[in-house]
Amino acid sequence: TTAAAMAATSVVVLDRGNNTTCTINLHGATVVSWRVNNQEQLFVSKLASFDGKKAIRGGIPFVFPQFGAWSFGPQHGFARITRWHLERPPDRLHNGDVEAIFSLMDNDFTRSIWNYQFRITYRLILREKELHFHIGVYNPSKELSFTFNMLLHTYLKVPDVRRCQITGLQGCHFIDKTRENALYQEGREVVTVNEWTDRIYQHTPQEHVITNVVSGRKMRLHKYNFPDTVIWNPWIDRSREMSDFGDDEFPNMLCVEAGNVTSPVILLPGTAYEASQILQIIIEGNVSRK
Ligand code: BG6
């Protein structure tokens with residue numbers, strides 16, 4: 001029964017104690033919840049579909065091997081709509097942190113869309129106020145190279161997106177998908193979102209701070225080997241066009257997505273690529289809330 005139960009399980013929970021948990025749905029290895037002291041940090045639409053077919057609308061879907069529209073297969077690739085394997089069940093480390101490892105390999109479905117051998121390991125570590133993501137992509141082929149995009153499509157939960165500020169983008173060039181992919185340069189020290197926003201910022205620094213997330217706190221996003229940052233909010237009209245997103249939900253989410261999007265990664269036979277991200281809640285010293 002254990003094996004059967006394991007096979008049927010679709011969610012994996014990392015529990016660090018103190019109501020600090022992280023829940024991963026094996027469908028897409030999508031992080032669907034990250035609670036810190038019982039406070040949810042991620043946005044998931046109330047209309048999100050969990051049918052094991054569509055990508056889950058919210059949390060942190062894993063985008064691979066394509067970002068955006070794709071002539072060979074589904075938008076944002078197949079990793080977010082494929083069932084991943086639980087490589088190592090949640091395990092408590094000596095310092096109390098909890099780790100789990102997920103993996104995805106090529107199979108008949110992925111080969112039918114994209115005919116390459118690959119292997120991805122996705123390691124998550126839940127700390128007191130942080131969530132760490134470590135990704136390895138390996139090309140086991142002896143002859144063929146492949147190229148790919150990869151991105152962590154993080155949906156942050158926020159009380160009001162209009163009050164969020166995002167640091168670290170000043171001076172960066174960005175592709176504005178709301179203006180026929182025109183290229184601009186960011187002049188603002190902090191970026192705010194007050195309308196339909198869909199921008200690929202290029203060569204961004206390793207760190208962004210997002211203000212006014214849950215409980216008015218700040219969230220630090222630290223990234224390694226993810227040169228681009230996508231900022232997305234569908235606003236009113238685009239929300240209406242999405243069947244798995246409520247019309248009134250856009251004020252409560254902000255996507256800040258670390259990725260490798262504008263210049264694809266080339267992976268030679270027998271080589272590996274690594275990237276990582278850390279989300280960290282910044283606790284300001286001595287601020288008493290009441
Ligand atoms: C963002 C893209 O990353 O994802 C947007 O920049 C896109 O263009 C959005 O609309 C959501 O994509 P999807 O496929 O999940 O509806």
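A brief look at the structure comes next. A quick note: this is a predicted structure, and the numbers were derived from the prediction, not measured.

Analysis parameters
- Residue numbering note: each chain is counted from 1, following its sequence as written.
- Given that this is a predicted model, residues contribute local features only at a pLDDT of at least 70 and side-chain atom pairs are listed and counted only at 80 or more, while totals for whole chains, interfaces and linings are drawn from all residues.
- To obtain the side-chain values, all non-hydrogen atoms of the structure were used and water was disregarded.
- Segments assigned H or I by DSSP are reported as helices when at least four residues long, segments assigned E as strands when at least two residues long, and all are numbered from the N terminus.
- Polar contacts here mean pairs of N or O atoms no more than 3.5 Å apart (in protein, one a potential hydrogen donor and the other a potential acceptor; neighbouring residues in sequence count only if both atoms are side-chain atoms).
- Should any heavy atoms of two residues lie within 4.5 Å, those residues are considered in contact.
- Nearness here has a simple test: a residue counts as near a molecule or strand if at least one of its heavy atoms is within 4 Å of that partner.
- Using the Shrake-Rupley algorithm and a 1.4 Å probe, accessible areas are obtained, with residue cover drawn only from the displayed protein chains.
- Under the grouping applied here, Gly and all other residues not named as nonpolar or charged are polar, the nonpolar ones being Ala, Val, Leu, Ile, Met, Phe, Trp, Tyr, Cys and Pro and the charged ones Asp, Glu, Lys and Arg.
- Exposed residues in this analysis have more than 50% of their type's maximum accessible area, buried residues have under 20%, and partly exposed residues fall in between, with area computed by a 1.4 Å probe over protein chains only.
- Whenever a carboxyl oxygen of Asp or Glu lies within 4 Å of a side-chain nitrogen of Lys or Arg, that contact is scored as a salt bridge.
- Paired strands are those between which DSSP finds at least two bridges.
- Put simply, two rings from Phe, Tyr or Trp (the six-membered ring, in Trp's case) pair if the centres are within 6.5 Å, and we call them stacked under 30 degrees between planes, edge-to-face over 60, tilted for the rest.
- We define the nonpolar core as a collection of buried residues of types Ala, Val, Leu, Ile, Met, Phe, Trp, Tyr and Cys that are connected through side-chain atoms lying within 4.5 Å of one another.

## Some remarks on the side chain of Arg199
In this structure, Arg199 sits in strand S16 (residues 197–201). A polar contact is formed between the side chain of Arg199 and the side chain of Tyr201, at a distance of 2.9 Å. When near neighbours in sequence (up to four residues on either side) are disregarded, Arg199 contacts Phe174, Ile175, Asp176, Glu186, Arg188, Thr229, Val230 and Ile231.

## Digging into the site of the ligand
Around the ligand sit Arg57, Phe67, Gln75, His76, Arg80, His153, Lys177, Asp198, Val230, Trp232 and Glu257, and that is every residue in its neighbourhood. Between the ligand and the protein, one listed contact pairs an oxygen atom with a side-chain N or O atom of Gln75 at 2.9 Å. Here an oxygen atom of the ligand and a side-chain polar atom of His76 are 3.1 Å apart. Contact with the protein chains removes 84% of the 400 Å² of surface that the ligand exposes when unbound. Its residues placed into classes, the shell around the ligand shows 3 nonpolar, 3 polar and 5 charged.

## Examining the environment of Val214
Tracing the sequence through the fold places Val214 in the loop between strand S17 (207–210) and strand S18 (218–224). Sequence separation between Val214 and Lys142 is 72 residues; the distance between their C-alpha atoms is 48 Å. When sequence neighbours within four positions are dropped, the list of residues in contact with Val214 reads Gln39, Glu40, Gln41, Lys157 and Pro159.

## Quick notes on the environment of Val191
Relative to the helices and strands, Val191 is located in strand S15 (residues 190–191). Looking at Val191, the relative accessible area reads 2%, which means it is buried. Along the backbone, Val191 and Thr167 are 24 residues apart, and their C-alpha atoms lie at a distance of 6.6 Å. Discounting chain neighbours no more than four positions away, the residues touching Val191 are Cys164, Gln165, Ile166, Leu169, Glu186 and Tyr201.

## Details of the pattern of salt bridges
Summed over all chains, the structure comprises 16 salt bridges. Among the salt bridges present, the one from Arg119 reaches Glu87, with a minimum N-O distance of 3.4 Å. Linking Arg119 in strand S8 (residues 119–126) with Glu87 in strand S6 (residues 85–92), this pair joins segments that are 32 residues apart in sequence. Assessed through its relative accessible area of 26%, Arg119 is described here as partly exposed.

## Quick notes on the pairing of strand S1 (residues 11–17)
In the sheet, S1 pairs with strand S2 (residues 20–25) via 6 bridges, with the strands oriented antiparallel. Considered in S2, the bridge of Asp15 is made with Thr21.

## Section: the packing of aromatic side chains
Tallied over the full model, the rule gives 24 aromatic pairs. Judged by centre distance (4.9 Å) and plane angle (75°), the ring pair of Phe62 and Tyr122 falls under edge-to-face. Within this pair, whereas Phe62 is found in strand S5 (residues 62–63), its partner Tyr122 is found in strand S8, the two being separated by 60 residues in sequence. A residue is classified by how much of its surface remains accessible, and Phe62, at 0% relative accessible area, is buried. What links up through ring pairs into an aromatic cluster is the set Phe64, Trp70, Phe72, Phe78, Trp114, Tyr116, Phe118, Phe146, Phe148 and Tyr273.

## Some thoughts on the nonpolar core
Phe64 and Tyr122 are the most contacted members of the largest nonpolar core, which totals 72 residues. Here the element with the most residues in this core is strand S20 (residues 253–267); it accounts for 7 residues. Contacts of Phe64, omitting those with residues within four sequence positions, involve His76, Gly77, Phe78, Ala79, Trp114, Phe118, Ile120, Val137, Phe148, Asn149 and Met150. Val63, Leu151, Val230 and Val261 belong to the second largest nonpolar core, which has 7 residues in total.

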